[in-house]
Amino acid sequence: MQTRFSFGGDEHIFAEVDEAMSLEAFFKSLFVTNAVREARIKGVTEICPANASYQVKFDPDMIKPDDLLAELKRMDAAADKSEPVIATRIIEIPVLYNDPWTHETLMRFRERHQDPTSTDLEYSARINDLDGIDGFIKAHSSAPWFVSMVGFVAGLPFLYQMVERQRQIQAPKYLRPRTDTPKLTIGHGGCFSCIYSVRGAGGYQMYGVTPMPIYDPSQTISYLRDFMCLFKPGDIVKWKPIDRAAYDAAVADVEAGRFAPIIRDVSFSLAEFNRDIDGYNHKLEGVLHGH
Amino acid sequence: MAIKVLKPGLATTVQDLGRPGYYHIGIPLSGGMDRHALVAANLLVGNPEGAAVLEAVFMGPELEFTGDAMVAVTGAELPPKLDGQPQQTWSSFNVKAGQKLSFDFLKKGARAYIAVSGGIDVPVVLGSRSTYALGALGGFKGRKLEAGDELPVGTPTTTVEEGRTVADDLRGLPAGTPTELRVMPGLYWHRITEAAGIGFFEDTWKVAPEADRIGYRFRGGKPLEFVPREPPFGAGSDPSNITDACYPYGSIQVPGGTEPIVLHRDAVSGGGYFMVGTIIAADMDLIGQLQPNTPVKFVKVDMERALSARREKAELSAKLQSALMA
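Residues numbered from 1 in each chain as written. Chains lettered and ligands numbered in written order. Predicted model: local features only at pLDDT ≥ 70, side-chain atom pairs only at ≥ 80, totals over all residues.

In terms of helices and strands, chain B carries four helices and 20 strands. In summary, chain B has a C-alpha radius of gyration of 20 Å against a globular reference of 20 Å for 326 residues, a match within 12%. The burial tally for chain B puts 54% of its 326 residues in the buried class. In chain B, 77% of the contacts between residues at least 6 apart in sequence involve partners at least 24 apart. (Helix = DSSP H or I, 4+ residues; strand = E, 2+ residues; numbered from the N terminus. Rg over C-alpha atoms; globule rule 2.2 N^0.38 Å. Buried ≥ 20, exposed ≤ 12 C-beta atoms within 10 Å, placed from the backbone. Contact = placed C-beta atoms within 7 Å.)

See below:
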């Protein structure tokens, strides 16, 4: 991997770590952006890690563009020598797959889909050679996912499945984007899943909804009082399939202010993960459930 | 003192100079699309340059004042009327308690900035009063104004004379046709062929109806031809797809190679479309004043020219400041 740098006008430097997505490229983007943040470079105003790239916004009246570029190239090269270990969190997200709200929405926009005769779940199961909706839900929810980017809109996590590339779920985006997506929809496009933090336009396949808010600009939800967005790049997510009764109970708990998400601190080593992916994921799940 | 919203206009929002520092979690800068006009409106009424104002697009609101205030309207030529009496744009005028401010039809430009002495005093969220409607954040209840809203107004800290104006040459508005927007090619420029790159700068584009605070879409130029490739893992199969990445403010994405979209103050912070380059910071204000169907040419510049344009823009700001601070 050789990072490619480009100026984005006179106020941004854009760095593509790799054209293709991989955990190695994501870790490098995370390490470089952490280093840039810690260096507190005068004139740098925004530091944004992405899946396999990153971006730094700066004020060219405070720092010369070429000086910042040279500094970033130095930090990018240094990041190759970092041990790929991070202290992070694992978060359980309950999901009602095949829910009535995304179903109603996907039927409304059927003519914009690759396969108007089946649902997003049926289509995605078929093109990934999985055994129907149940087989798909099992494949989607059995291994954890990395939050490899937060953005598009406020607090929306992009999630990258922590399995070998050949086992990763892939699905195209809708042929033409929808003008509506229910809030808290679990979506998927390319190799990334996401959680739509707000209601609005979207092009990802829709698989279900979570009862657990992840963005709250009013900061009234107990676990979003300190900060309105739940996710940070580097967080690990484990989906938990739930039924309608559990979904309704969780929604009532959120409204009553007694919903307590399961969030645990965890250390993640990319080298150990790569040595035994299923074994390592099993250990991560153990951390989530306190053993 | 407060302002009652009798009619909201098309999409009137509270804006200041924006909310930097949260783009990495998808919360964009927001703030006035034409920052120069926003600053001018504030200075005319004696406010600090970054006080919160109303940004009205295409059509003005109708407002009633519960107390005395000084008002100025800048940016688009959207002529204000006080109890039906025409007032000048780019000039300050006093409003008495109970008077109504309304607007005539839009004559030129797209966005007007309505400053009130004391500033619009909505709560500061993450360091700014700007509205980010997509995230229901900031401004007045996180949304555009509606009839019946009552906007709190702050207490003025300085008093200035009524009737001061901003000279034509200090207004920083788009001049000439087509409007020229300067672009630094880059980002994923290498994805298109040399001929497509030449065509992009030769063609005259027009502002499409899909033009808002998130981004401005353009149409009318030739579709861009791509350099063939094997799609990288994670990018998607369309030649215009990339592995989802950050989007710079002013970046020009071209989904499917057909219609360029320039991201503005309420930008989506990232996504999966390639970008051919970025509008230089000095020309971002101009975009906020473009109406649909306005012809536009993209003009290729390098970093050196982008920085000299930046210095010229800073000189214009300094002249505006010294003209109105006296």
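From this point, things continue past the structure.
Bringing helix α4 (residues 120–127) of chain A into the picture now. Residue and element names in this part refer to chain A. When we look at burial in α4, the residues that qualify are D120, L121, Y123, S124 and A125. Against the buried residues of α4 lie α3 (100–108), α5 (132–142), β8 (185–189) and β10 (205–209). Looking one or two places after α4, you find D129, whose phi comes out positive at around 55°.

Residues and elements named next belong to chain A. Counting buried positions along β10 gives five out of five residues, so the element sits mostly inside the fold. Sheet analysis places strand β5 (residues 85–97) next to β10, joined by two bridges and oriented antiparallel. Bridge assignment links L96 to a residue of β10, and that residue is V209. Relative to β10, β8 runs antiparallel, the two sharing four bridges. Directly across from T185, in β10, lies its bridge partner V209. (Pairing = 2+ DSSP bridges.)

Quick look at the pairing of strand β4 (residues 53–58) of chain A now. Residue and element names in this part refer to chain A. Of all six residues in β4, six are buried, a share of seventy percent or more. What you see with β4 is no split at all: S53, Q55 and K57 on one side and Y54, V56 and F58 on the other are buried throughout. Direction of pairing for strand β3 (residues 44–49) relative to β4: antiparallel, over a ladder of five bridges. Within β4, the residue paired with V44 across the bridge is F58. Taking the residues that link successive antiparallel strands as the turn, the β3-β4 hairpin has three residues.

So, about the nonpolar core. What tends to happen in soluble globular proteins is that the nonpolar side chains get buried as a cluster. Within the largest apolar cluster, 171 residues are counted, with the highest numbers of intra-cluster contacts made by A41, V53, V71, I114 and A115 of chain B. Every residue in contact with V71 of chain B, bar those within four places of it in the chain, is listed here: V45, S92, F93, V95, L101, I114, A115 and V116 of chain B. (Core = buried A, V, L, I, M, F, W, Y, C linked by C-beta atoms within 7 Å.)

Geometry of a packed helix pair, given as the angle between the helix axes and the separation of the axes. Residues and elements named next belong to chain B. Remark: helix α1 (residues 35–44) packs on helix α4 (residues 303–325), axes separated minimally by 10 Å, with the N-to-C direction vectors making an angle of 10°. Comparing their axes, α4 and α1 come out roughly parallel. The segment α1 lies against α4, with H36, V39, A40, L43 and L44 engaging S317, L320, Q321 and L324. (Axes fitted to C-alpha atoms, helices over the stretch in contact; angles between N-to-C directions. Parallel < 35°, antiparallel > 145°, perpendicular 65-115°, else oblique.)

Let us look at α1 of chain B. In terms of burial, α1 of chain B is a largely internal element, ten of the ten residues being buried. Where α1 of chain B is concerned, the buried positions are R35, H36, A37, L38, V39, A40, A41, N42, L43 and L44 of chain B.

Once that is clear, we can look at the domain arrangement of chain A. All names here are of chain A. With domains assigned, chain A is organised as domain 1 (4–81) and domain 2 (87–288). Just the C-alpha atoms count here: the centres of domain 1 and domain 2 sit 28 Å apart. Every contact between the two is made by eight residues of domain 1 and, on the other side, nine residues of domain 2. Examining the composition of the side of domain 1 that touches domain 2, we find that four residues originate from one element, helix α1 (residues 23–39), more than from any other. Of the residues belonging to the side of domain 1 that touches domain 2, the class tally is seven nonpolar, one polar and no charged. (Domains from an automatic or database assignment. Nonpolar A, V, L, I, M, F, W, Y, C, P; charged D, E, K, R; others polar.)

Counting residues at the interface gives 44 residues for chain A and 41 residues for chain B. For the side of chain A that touches chain B, the elements supplying multiple residues, two or more each, are β1 (4–8), β2 (12–16), β3, β4 and β6 (145–150) of chain A. Partitioning the side of chain A that touches chain B into residue classes produces 25 nonpolar, twelve polar and seven charged.

This part covers the sheet that holds strand β4 (residues 62–65) of chain B. Residue and element names in this part refer to chain B. Strand order in this open sheet of six strands is β7-β6-β9-β4-β1-β11, and the pairing throughout is antiparallel. Either end of the sheet is taken by a strand with one partner, and the two such strands are β7 (85–86) and β11 (150–152). Sheet topology note: the strand β1 (residues 2–7)/β11 ladder contains three bridges and is antiparallel. Looking at β11, one finds that K4 is bridged to E150.

Attention now goes to the sheet that holds strand β17 (residues 261–263) of chain B. Residue and element names in this part refer to chain B. In space, the seven strands of this closed barrel follow the order β12-β19-β16-β17-β14-β13-β20, with mixed pairing throughout. Within this sheet the neighbouring strands show an average axis-to-axis angle of 40°, counted without direction. One ladder, built from three bridges, connects strand β14 (residues 215–219) with β17; its direction is antiparallel. The partner of Y216 across the bridge, within β17, is V262.

Let us now look at the domain arrangement of chain B. Where interface size is quoted, it is often the accessible area lost as the parts come together. Residues and elements named next belong to chain B. Its domain assignment divides chain B into domain 1 (2–170) and domain 2 (179–314). The distance between the C-alpha centroids of domain 1 and domain 2 comes to 29 Å. Contacts between the two partners involve 18 residues from domain 1, matched on the other side by 14 residues from domain 2. If you list the elements that add at least two residues to the side of domain 1 that touches domain 2, you get α1, β5 (69–77) and β10 (108–116). For the side of domain 1 that touches domain 2, the leading source of residues is β10, giving three residues.

Residue P178 of chain B follows T177 of chain B across a cis peptide bond; omega there is -10°. Position of P178 of chain B relative to the elements: it lies in the loop between β11 and β12 (179–185). Residue R40 of chain A is not a glycine yet carries a positive backbone phi of 45°. With respect to the helices, strands and loops of the structure, R40 of chain A is situated in the loop between α1 and β3. With phi around 55°, D129 of chain A is a residue other than glycine that occupies positive phi space. Along the chain, D129 of chain A falls in the loop between α4 and α5. Look at D129 of chain A and you get exposed, because 8 C-beta atoms sit within 10 Å.

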